[in-house]
Amino acid sequence: MSEKGFNIDIDILEALKKDEMVWANFHKFPSLYQRVRIDTIQIKKRKILNYFKKRLEKLNLKIQRKVIMYG
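Remember, it's a predicted structure, so these values are computed and weren't measured experimentally.

> Can you help me understand the nonpolar core in this one?
A general feature of soluble globular proteins is that nonpolar side chains tend to end up buried together. With 16 residues, the main nonpolar core has I12, L16, I38 and L59 as its most contacted residues. The set of elements that each furnish at least two residues to this core consists of α1 (10–17), α2 (20–26), α3 (31–47) and α4 (49–66).

> Is there a simple way to think about the packing of aromatic side chains in this case?
Think of a pair of aromatic rings as described by two things: how far the centres are apart, and how the planes are tilted against each other in angle. Across all of its chains, the model carries 2 aromatic pairs by this definition. Between W23 and F26, the ring centres sit 6.2 Å apart and the planes meet at 20°, which makes this aromatic pair stacked. Residue W23 and its partner F26 are located together in helix α2, separated by 3 residues, close to a single helical turn.

> I'm lost on the confidence of the model for the protein in this one. Help?
Low pLDDT marks regions whose predicted coordinates should not be analysed in detail. Looking at the protein, the pLDDT average stands at 80 and 77% of residues meet or exceed 70. Averaged pLDDT values over the elements of the protein bottom out at 50 in strand β1 (residues 2–3) and peak at 90 in α2.

Reading the values: the criteria
- Residues numbered from 1 in each chain as written.
- Predicted model: local features only at pLDDT ≥ 70, side-chain atom pairs only at ≥ 80, totals over all residues.
- Heavy atoms only, no water.
- Core = buried A, V, L, I, M, F, W, Y, C linked by side-chain atoms within 4.5 Å.
- Buried < 20%, exposed > 50% of the residue type's maximum accessible area, 1.4 Å probe, protein only.
- Helix = DSSP H or I, 4+ residues; strand = E, 2+ residues; numbered from the N terminus.
- Phe/Tyr/Trp six-rings, centres within 6.5 Å; stacked < 30°, edge-to-face > 60°.
- pLDDT = per-residue confidence, 0-100.

Given below as structure tokens:
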């Protein structure tokens, strides 16, 4: 997924696409919200892998169970 210079790391994209409900619900959110959530995960990925995994799990949980925007 790429939008005007914004790219999602392949492992994040694969993690979101792994669950069809998560992927479908993720696309219901505004594109700015999507970019902010993904960027927050990607920043931590580059710094500390443990935070990256926690943030990705949190995003997947929020989307899958509650379909809510957070943050």
